[in-house]
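Below, each chain spelled out in residue letters.
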Amino acid sequence: MRGEVPSVLKITDLVGYLPLVIFGLVLTYISLHAPNFLTLQSLELIVMQSLPVVLVCAGLAVVVMAGGDDVVSGGIDLSIPATAVLSAGITAQMLTSGMPLALCAVVALAACIVVGLSNAVLITKIGMTPLLTTLAMFVAVVGVNNVITVSRRINVDHSWIVALRAQEIAGIPAGILLVALIVAILFFAAHRTGWGLNLQAAGGSRDAAEISGIDANRLVAQSFVVAAFTGFLCGFFLLARGSGSSPGVQDNLMLEMVLATFLGAAFSPRRVVTLWGAVLGALLVAAISIGFKSIGVNVFWTGLIKGSLIVVVVAFSALAQRGR
Amino acid sequence: MTTRANTLRDVLLRFGFLIVFAAFFVLFAFWNPVFLQGGNLLNIVEGSAILMIMALGLTLIVATGGIDLSIGIALDFGAAFAVVAMSTYGLDWFSAACAGVIGGSLVGIFNAILVVGLRISPFLATLSTFFIGSSVQRIFTNGGGPISYRRMPTEFRNIAQGDILGVPTEAVIAAVLVVIYYLLLERSIWGRRIHAMGMQRPAAIVAGIRVNRILFGCFVFAAMTCAVGGLIAAANIRMFTPLSGFSYLLDAIAAVFIGAALHPRGRPNVLGTVAGVLFLGMVANGLNLMGLNFNTKDALQGIILVSALAFAVAQRRARGS
Amino acid sequence: MADFAVSLKDIVKEFPGVRALDSASLEVKSGEVHGLVGENGAGKSTVIKVLAGVYQPEAGSIMINGQSLNPATPAAVHDAGIRFIHQELHLVPHFTVTESVFMGQELRGRFGIAKREMRRRAEAFLRDNLGLPLSGNRLIRDLGPAERKLVQVARALIDGAAQVVVFDEPTAPLAIEEVDLVMGAIAKLKAQGIAILYVSHYLSEITDICDRVTVFRQGETVGVFDNITAASSAELIYAMVGRAISDMFPARTERSVDTGLSVRGLAAARAFSDVSFEAGRGEILGIAGLIGSGREELTDCLYGLRKRTAGTVSFEGRSLDLNTAAKAVAQGVVLVPRDRRNDGLVLPMSVSENATLATLDRTSRAGLVDAKAAAAATESHITALDIRPPNPDAITRLLSGGNQQKVVLARWLATDAKVFIFDEPTVGVDVGAKAEIYQLIADLAGKGASVIVSSSDPVELQGICDRIIVMMRGKIVDELRASDASVDDLVAATTGAASVQGAAHAG
Amino acid sequence: DGHLSLEGKTIGVAVVGTQHFWDREAFNGATSTVESLGGTVVPVDGGRDNQVHADNHDILLNNGVDAVISILGDGAVEPKFEALKAAGIPVFTVDHPSPHAINNTTSDNYYMGTTIGRYMADAIGGEGKVAVFNAFQEALRICDIRAGLWKYVLEDYPGIEIIQPELAEEFANAPEDARKKTLDLLSQYPEGAIDAIHVGCWDQPAIGVVQALEEAGRTDVLVTALDGGPDTLEIMAEEGSPFVANVAQQPNLIGATSAMNVARHFAGETLLPQTYVDVVPVNGRDEAIAAYEALGYGSLE
Ligand SMILES: Nc1ncnc2c1ncn2[C@@H]1O[C@H](COP(=O)(O)OP(=O)(O)OP(=O)(O)O)[C@@H](O)[C@H]1O
Ligand SMILES: Nc1ncnc2c1ncn2[C@@H]1O[C@H](COP(=O)(O)OP(=O)(O)OP(=O)(O)O)[C@@H](O)[C@H]1O
Ligand SMILES: [Mg+2]
Ligand SMILES: [Mg+2]
């Protein structure tokens, strides 16, 4: 009997879209007050500014999918922003000493993968909790990066890096196209392949996955390497955005990444962290921040607004969940 | 031969963290004899006091099965309320201290409302509190400028700078809180309930434990504790520095989880947290005395943190099996 | 010589300090339904894990289809066509039915996974092979327990290579009408020539569907029974526990019944409404009802786990405030929950810690736990309830189902509770422990408590209760005196057959 | 300058952060002056993240402001300046020399560095050991100037030795962090082994340094720093304070001057690339008391 009822849209389903509706209302309010906000140019600005966050969010989403969304005991990788900064730092440092970009990229990639593998080994072999491991890794990697760059800003004007920021292809910035491609590949891998489904199974219920012959540990390990890889890519977008590597970028990046990814779960009908949810979260958070700045909201208030938005969105999301 | 290798590995794993702790102690002592001097050891203890207090508060929250990213905000509020009470309202030192603790409790109450009332996960709830609390401080201080009060009463300054029988007051305060927290979390009936709830909430509810009330109480008590840290911070430098509490968060999390890793069942616990805090304090101090370039020092500190944690966890697992 | 699909001979498996299996043998013929029974801790789950290749035995041989497997690895066992339906519902709550059925064995399409094809096959398999029409897009968390169980079965069998399917207590979480769903599915599998190894504590199920039965006791095979009929129960019980359990249920004694719990017009949104009944002191009141009848919600509501929208509850005329579990406990109302692993016990805690959890203030001084007093209190319960192992520091996660249930009971016996609500008190509990628990329930009533037993097992209700109320679609539809009604009457009332009959009579 | 006006103009003011007194005052000076000249302000704050600060310029560009005042920041802002310039929006900087800016208004950092070097050397009698908090020399141009010239002056004093390694202060919790690091330092350098502690680019850590000296009961170590915010001037003004020299800036005036420069630009005046705003050298307690009043922070009795 249960199986045959055609699914009709219920009130409770509508409640499920409330988080998006709230964001929609806020953005509408902003565009009413900032005439320039709804232009293509500002849309491009929002996307351009969020590219690094989008990349690390995608990485974090993969880790959360594989490890489960309990922040304390499940999957989380706080070290991705540090990896990104390391990637940027190594590349910038090597570029200034005149090495070719390809070589810089290879070395940076190797370093990032070492970080990802270390996370993977500490978590799956030694059994440390991801929150703790990646937090400590964050501190260590930032420390190493500071040794490499001597904590200074390094300007980078390599034409390829500049192209990530300035080049356009068919009127669309190349950076956006590239990130879209990367996200699409990750999306395909995580949501449209057996590997991805197994990854989600491992995070959804580790027991269930293992009973089904899925090697959950292996997938968790792989997710950390994927995350480190997104960190590596993000490093180049950091270089492009900041036209060089600056110390201290990682802290803000980490907060934004966590905020956007877990907020993204509120947008998913299943209320779980998904790749597209994380990406949407990153874009919406950027849109809101930029929007509030555009209408001249006192800068001291932005944190309060951000915090309250999380509360409202997440509380409504919890409400929708309970209403089921 | 394999057996000998095995026993060595066994020993290493069994006493891993203790060995790491001792090894660093010896290393630091050899590197710079100053490390072992009474004054320096006292520095470590005194310098760890605020972190110890913050980590205690966090231990309580982690024991309930949650996390608190806003402990720094509670510290800031504690310091701000106390300094403003004295500088703007001219309250005496004791009332000011009480005002600070009450200020901290506001943060706890806010967290509790989000977590208990609105059922937002502690991670996201306290992240919001962090954003909101930071913003409130910036609004209040017109952007985040410190509020200095050089002429604060000596009694208040003594919270951080005095000593009781030769022991720095802040260390005494931290020690008293350690004892209180130990009794509360490891020996009292409330501690039993908190642990039950942290391990398996539905079962605790069915057992008739007032989980909401306990959770509420824990958030408020933890925040009040961190506000005491704020009092010490304010007394230390005779001013309130907005947004300064955040710098303790990562270390506090590390200390609590090192402590949990040392526990046979992986639970957050007071004595483990104490060990974690002292370890972090010792490493920071020891590296400072090694005369390394500061970038190298930071990197080493991070790497030591990762390795120490790995040892602590490996040790628990070796014991468990 | 391949007439045995599975043949385990003289298996020995030791854990530190325990010999879980000691010359255990188990042989399943091709195409038969083979039962495996034994007390809690007899070694059933262990032998299954040995067969699955999860544990490597110290001694013994494993043959599958006449081929020796040495060592048996999970992959080799899987390749040999053996599938396991584990007791726990190992599913991802936010996955769809399709995703769950194909978990770990996704079909590839031209572009990523073949979503449509997987969905079509999953739905077809569930409908045709298991008799369950179910949309492949439903989320697991929206399904009932039986549907979930069948999704588990579908996952094990969808590749069509299964020759032997092992079920470990598949019906434990199910209501009767759902049990039929699973039984029906098993019958269909058997008809396809698939052999089945069936582990259960429900002897009636065993005697209903099994061709042969193996009995374990303390890690040993103590008997293999052919020609199983409904009358085989007594034999099986004797083999399992080493003694005859002449009467599972305590003798019915006349107890004096005083005014006790009184429920008036109770209602909870979207669950039940207008529920009124009495459970006097010294009385055992049964609540019968199918899944979805409102029975589970009613016990939850009485215990403050679910919000009530109308009605009052009183005890001895004084009204009770039962808005939270804590308030219920404080007023002497306690619940032994159906899901003891989640709700009953804090599994990582010890027996002593669990047993004293509700009475901490009594074993404490100045707010501090008095370890000696707690241990002493626990010791006395361990002795009184015969909890095994008799060690107050044992971690409850490692206890068997029956002993875990006793620890929950010990906790409540330590309070001055006057109203005891039992929700599915004997799920997953072996016959011996079952009888002990029934005796305890009767003793509680004898001491003047109001006892409510909510159960999906009609035999249990009929055997232990004085009166039984029957719920259907959120209402009380019938009330039976156990002494006058048979189990069949009760089943009829629960499934609605009675009212149809009644209507026919009236018409 | 009574003729200057920003009537009808929208001016974007981007500041790297507002936690620090200097940043905040420069920001307040710029915004209040723009408003008093009749202009509208679009403020953006980088929250002390140079990257966020740089990105904020995009928002100003998008908002179509008439001019931008950019306060502090690192190289990450350069491409943003370029874009603004390309869109015809003039950029004015504060304490950040840039080829893309019309004008940079700043203190004379060269003078600050050399002055504090001389004052410190004099205070310790031309010889001794000094420790320096110097985390930002590599990271920020202005800090490189200040700390670099301080070192350059000290080259004339062969008897002065800079203790290696240099110390690194933190930005977030600077006074408390510096306090702890100083305590560690003092236990390593007992009485007589160290003569001064200098903060290379600003003054917040000096608060903690003074505190640590007091706690350790050390009267043999002197303290010097730069910026001269009200809180450090107050410390200098205390009886027997070890904090002996400072160079105070006028951040509010700097911000205001930058805003005036915007108005001058729109009035068709030609601006020089750099506008220097006077600094106030503060040598000793009496000068501290005087500077505190002169800079309008109130009075210290
Ligand atoms: N992992 C283990 N470690 C140690 N001892 C174990 C382990 N698993 C099982 N045992 C022991 O083996 C014995 C048999 O356990 P098993 O799980 O096979 O019982 P069972 O027949 O399945 O019981 P139940 O009916 O409760 O499921 C138990 O008494 C237990 O002491
Ligand atoms: N790690 C372990 N150490 C010791 N004994 C264990 C361990 N794991 C399981 N057991 C034992 O195995 C037996 C059955 O375990 P299992 O988890 O299968 O039981 P259960 O699920 O509680 O019971 P049932 O299957 O009847 O519901 C128990 O008697 C328990 O004591
Ligand atoms: Mg002190
Ligand atoms: Mg079992």
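Remember, predicted model here, so these are calculated numbers, not experimental data. (Residues numbered from 1 in each chain as written. Chains lettered and ligands numbered in written order. Predicted model: local features only at pLDDT ≥ 70, side-chain atom pairs only at ≥ 80, totals over all residues. Heavy atoms only, no water.)

Chemist: I'd like a description of the pattern of salt bridges, backed by residues and values.
Modeler: Under the counting rule described, the total for this entry stands at 51 salt bridges over all chains. Between Lys327(C) and Asp321(C) there is a salt bridge; the shortest N-O distance is 3.3 Å. On the basis of relative accessibility, which here comes to 29%, the residue Asp321(C) falls in the partly exposed class. For Asp370(C), the salt bridge is made with Arg365(C), and the minimal N-O distance between the two is 3.2 Å. Looking at Arg365(C), the relative accessible area reads 59%, which means it is exposed. Residues joined in a network through salt bridges with shared partners are Glu46(B), Glu170(B), Glu176(D), Arg179(D) and Glu215(D). (Salt bridge = Lys/Arg side-chain N within 4 Å of Asp/Glu carboxyl O. Buried < 20%, exposed > 50% of the residue type's maximum accessible area, 1.4 Å probe, protein only.)

Chemist: Just give me the short version of the state of the cysteines, but keep the residues and values in it.
Modeler: Evaluation of the coordinates by the stated rule reveals 1 disulfide over all chains. Sulfur-sulfur distance for the disulfide between Cys143(D) and Cys201(D) comes to 2.1 Å. With the S-S dihedral at roughly -80°, the linkage between Cys143(D) and Cys201(D) falls on the left-handed side. Of this pair, Cys143(D) sits in helix H5 (residues 141-154) while Cys201(D) sits in the loop between strand E8 (196-199) and helix H7 (204-216), placing them 58 residues apart in sequence. Between Cys112(A), a cysteine without a disulfide, and Cys234(A), which holds the nearest cysteine sulfur, the sulfur-to-sulfur distance is 9.7 Å. Exposure remark for Cys112(A): the relative accessible area of 0% places this residue in the buried category. Between Cys234(A), a cysteine without a disulfide, and Cys57(A), which holds the nearest cysteine sulfur, the sulfur-to-sulfur distance is 9.6 Å. In this structure Cys234(A) comes out as buried when scored by relative accessible area, which is 0%. (Disulfide = S-S within 2.5 Å. Helix = DSSP H or I, 4+ residues; strand = E, 2+ residues; numbered from the N terminus.)

Chemist: Describe the site of ligand 2, naming the residues involved and giving the relevant values.
Modeler: Residue and element names in this part refer to chain C. Within the structure, ligand 2 sits among Asn40, Ser45, Gln87, Glu169, His201, Arg341, Leu398, Leu399, Ser400, Gly401 and Gly428. The contact in question runs from an oxygen atom of ligand 2 to an N or O atom on the side chain of Glu169, over 3.2 Å. Between Gly428 and ligand 2, the recorded distance is 3.2 Å, taken from a backbone N or O atom to an oxygen atom. When ligand 2 is considered free in solution it has 620 Å² of accessible area, and contact with the protein chains removes 59% of it. Residue classes in the shell around ligand 2 are distributed as 2 nonpolar, 7 polar and 2 charged. Both of domain 1 (6-245) and domain 3 (339-416) provide at least three residues apiece to the shell around ligand 2. (Near = heavy atom within 4 Å. Polar contact = N/O pair within 3.5 Å; in protein donor to acceptor, adjacent residues only side chain to side chain. Areas by Shrake-Rupley, 256 points an atom, 1.4 Å probe, with all protein chains shown as cover. Nonpolar A, V, L, I, M, F, W, Y, C, P; charged D, E, K, R; others polar. Domains from an automatic or database assignment.)

Chemist: Run through the coordination of the magnesium ion (ligand 3), naming residues and quoting values.
Modeler: All names here are of chain B. Only Glu46 (OE), Ala160 (O) and Glu170 (OE) from the protein coordinate the magnesium ion (ligand 3), and they sit 1.9 to 2.3 Å from it. Taken in chain order, the donor set of the magnesium ion (ligand 3) reads E-x113-A-x9-E. Residue Ala160 is located in helix H8 (residues 154-161), and its partner Glu170 is located in helix H9 (residues 169-187); the two are separated by 10 residues in the primary sequence. Residue Ala160 shares its accessibility class with Glu170, and that shared class is buried. (Donors = N, O, S within 2.8 Å, 3.2 Å for Na, K, Ca; no water.)

Chemist: Explain the packing of aromatic side chains to me, and be specific about the residues and the numbers.
Modeler: In the structure shown here, the tally under the stated rule is 23 aromatic pairs over all chains. With a centroid separation of 5.6 Å and an interplanar angle of 55°, the aromatic rings of Phe21(B) and Phe279(B) are classed as tilted. Taken together, the positions of Phe21(B) in helix H2 (residues 16-31) and Phe279(B) in helix H14 (residues 270-289) put the pair 258 residues apart, joining distant regions of the chain. Members of the aromatic cluster, connected to one another through ring pairs, are Phe21(B), Phe24(B), Phe25(B), Phe28(B), Phe35(B) and Phe279(B). When the ring centre of Phe266(D) is taken as origin, the NZ or CZ atom of Lys9(D), which lies over that ring, is 4.5 Å away. (Phe/Tyr/Trp six-rings, centres within 6.5 Å; stacked < 30°, edge-to-face > 60°. Lys NZ or Arg CZ within 6 Å of the ring centre and 35° of its normal.)

Chemist: If you had to explain the UniProt feature "transmembrane region" (unreviewed entry) in chain B to someone new, which residues and values would you point to?
Modeler: Here the UniProt-annotated "transmembrane region" (unreviewed entry) positions come out as residues 12-31, 43-62, 93-116, 160-184, 214-237, 243-262 and 269-287 of chain B. For residues 243-262 of chain B, the helix share is 70%, the strand share is 0%, and the end-to-end C-alpha distance is 31 Å. (UniProt positions renumbered as here; feature names shortened; annotations may be inferred.)

Chemist: Any details on the interface of chain A and chain C? Residues and values, ideally.
Modeler: With 25 residues of chain A at the contact, the number on the chain C side is 29 residues. Carbon and sulfur atoms supply 57% of the area buried between chain A and chain C, which totals about 2200 Å² over both sides. Taken together, the elements giving at least two residues each to the side of chain A that touches chain C come down to helix H8 (174-191), helix H9 (194-204) and helix H10 (206-211) of chain A. In terms of residue count, H9(A) provides more of the side of chain A that touches chain C than any other element does, 6 residues in total. Residues that form the side of chain A that touches chain C fall into these classes: 9 nonpolar, 10 polar and 6 charged. (Contact = heavy atoms within 4.5 Å. Buried area = accessible area lost by both parts, 1.4 Å probe.)

Chemist: Outline the interface of chain B and chain A, supporting the account with residue identities and numerical values.
Modeler: If you look at the interface, chain B gives 37 residues, while chain A gives 41 residues. Summed over both partners, the interface of chain B with chain A comes to about 3400 Å²; 81% of that surface belongs to carbon and sulfur atoms. Summed over the three residues of chain B that lose the most area to chain A, namely Phe123(B), Phe131(B) and Asn295(B), the buried surface amounts to 17% of that side. Across the chain B-chain A interface, the total number found is 0 salt bridges. Here chain B and chain A share 2 residue pairs in polar contact (both at pLDDT 80 or more) between them. Those elements giving two or more residues to the side of chain B that touches chain A turn out to be helix H7 (122-140), helix H13 (249-262) and helix H15 (294-320) of chain B. No other element matches the 14 residues that H15(B) contributes to the side of chain B that touches chain A. Residues that form the side of chain B that touches chain A fall into these classes: 25 nonpolar, 8 polar and 4 charged.

Chemist: Can you tell me about unusual backbone geometry, naming the residues and giving the values?
Modeler: Residue Pro389(C) follows Arg388(C) across a cis peptide bond; omega there is 0°. Relative to the assigned elements, Pro389(C) resides in the loop between helix H13 (371-385) and helix H14 (401-413). In this chain, Gln164(D) is followed by Pro165(D) through a cis amide linkage whose omega measures -5°. Its place among the elements puts Pro165(D) in the loop between strand E7 (160-162) and helix H6 (174-188).

Chemist: Give me the lowdown on the confidence of the model for chain D, citing residues and values where you can.
Modeler: Here chain D shows a mean pLDDT of 92. Residues at 70 or above account for 99%. Scoring the predicted complex yields pTM 0.88 and, for the interface, ipTM 0.86. (pLDDT = per-residue confidence, 0-100.)

Chemist: Go over the site of ligand 1, please, and point to the residues and values.
Modeler: Residue and element names in this part refer to chain C. Neighbouring ligand 1 are 15 residues; Gly41, Gly43, Lys44, Ser45 and Thr46 lie closest to it. Ala42 places a main-chain nitrogen or oxygen 3.1 Å from an oxygen atom of ligand 1. One of the backbone nitrogen or oxygen atoms of Gly43 is found 2.9 Å away from an oxygen atom of ligand 1. When isolated, ligand 1 has an accessible area of 630 Å², and the protein chains bury 68% of it. Contributing elements (two or more residues each) for the shell around ligand 1: strand E2 (18-29) and helix H1 (44-52). Sorting elements by how many residues they give to the shell around ligand 1 places H1 first, with 3 residues. Class assignment of the residues belonging to the shell around ligand 1 gives a composition of 5 nonpolar, 7 polar and 3 charged.

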